[in-house]
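Coordinate analysis (summary)
These are the residues of each chain, in order.
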Amino acid sequence: MAIDAEQGGKLAVDLSRVVKMLRALNMSAPRLHESLEPSTHPLLFAIHDEPARVTALADRVHTDISVVSRQVRHLETLGLVAKAPDPDDGRASVVALTSEGTDLVTRVFAGRGQWMAGVLADWTPEQAASLDEGLTRLAESLRAEIDALTSAKEN
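Now for a description of the structure that goes with this document. Quick caveat: nothing in here was measured; it's all calculated off a predicted structure.

Cut-offs and rules
Residues numbered from 1 in each chain as written. Predicted model: local features only at pLDDT ≥ 70, side-chain atom pairs only at ≥ 80, totals over all residues. Heavy atoms only, no water. Helix = DSSP H or I, 4+ residues; strand = E, 2+ residues; numbered from the N terminus. Buried < 20%, exposed > 50% of the residue type's maximum accessible area, 1.4 Å probe, protein only. Contact = heavy atoms within 4.5 Å. Areas by Shrake-Rupley, 256 points an atom, 1.4 Å probe, with all protein chains shown as cover. Arc of directions from axis to C-beta. Salt bridge = Lys/Arg side-chain N within 4 Å of Asp/Glu carboxyl O.

1. Considering the overall build of the protein
Along its length, the protein carries six helices and two strands. What you see in the protein, going N to C, is helices and strands ordered as α-α-α-α-β-β-α-α. C-alpha atoms of the protein, sized along the principal axes, occupy 50 × 45 × 25 Å. Looking at the protein as a whole, 20% of its 155 residues are labelled buried. Sequence separation of at least 24 residues holds for 48% of the intrachain contacts in the protein that already meet a minimum separation of 6. Split by element, the accessible area of the protein, about 11000 Å² in all, is 59% carbon and sulfur.

Here it is, written out as structure tokens:
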């Protein structure tokens, strides 16, 4: 049974509020690298998940290719990522983390994990697991919506 528009509206408002709070908290989070904005962390996580071309990374982080390309160049100058020829197409490059980049991602992940554990200190492990399951499912639904919109624009 699908949810109705009223419940959908409430969820949309609640999610908007959560996103705003996360952005505000992200801006005040301690920097683990003096030359790196926290807004670059999703790109680092995407590269950590799997090295890829800039176009694939832009798709993964839902950001314009020009922005991701600029971020990758910045990460390169900081020694956090390196480009290598794509084994499937030598004309293109694959972006991968350097050992310094991997170390940074490990520290960011651990720091965020510790922070979130503190935020959810009064939650049971089952409640946290339920939230994780719901967020995973929401992400899959949003991905399907993005894919449908992209497909509609292309046709």
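2. Things to note about helix α3 (residues 54–61)
Buried within α3 are the following residues: Val 54, Leu 57, Ala 58 and Val 61. Burial along α3 is one-sided: seen end-on, the buried residues are contained in an arc of 100°. Buried residues in α3 make contact with α2 (41–49), α4 (65–77) and β2 (89–97).

3. A few points about the pattern of salt bridges
Opposite charge on two side chains lets them pair, provided their charged atoms get close. Following the criterion strictly, the structure yields eight salt bridges and no others. Residue Arg 143 is joined to Asp 59 by a salt bridge in which the shortest nitrogen-to-oxygen separation is 3.3 Å. Residue Arg 143 is located in helix α6 (residues 125–154), and its partner Asp 59 is located in helix α3; the two are separated by 84 residues in the primary sequence. Arg 143 gets classed as partly exposed once you look at its relative accessible area, which sits at 25%. Given a relative accessible area of 44%, Asp 59 falls into the partly exposed group. In this structure, Asp 89 engages Arg 91 in a salt bridge whose closest nitrogen and oxygen atoms are separated by 2.9 Å. A residue is classified by how much of its surface remains accessible, and Asp 89, at 18% relative accessible area, is buried.

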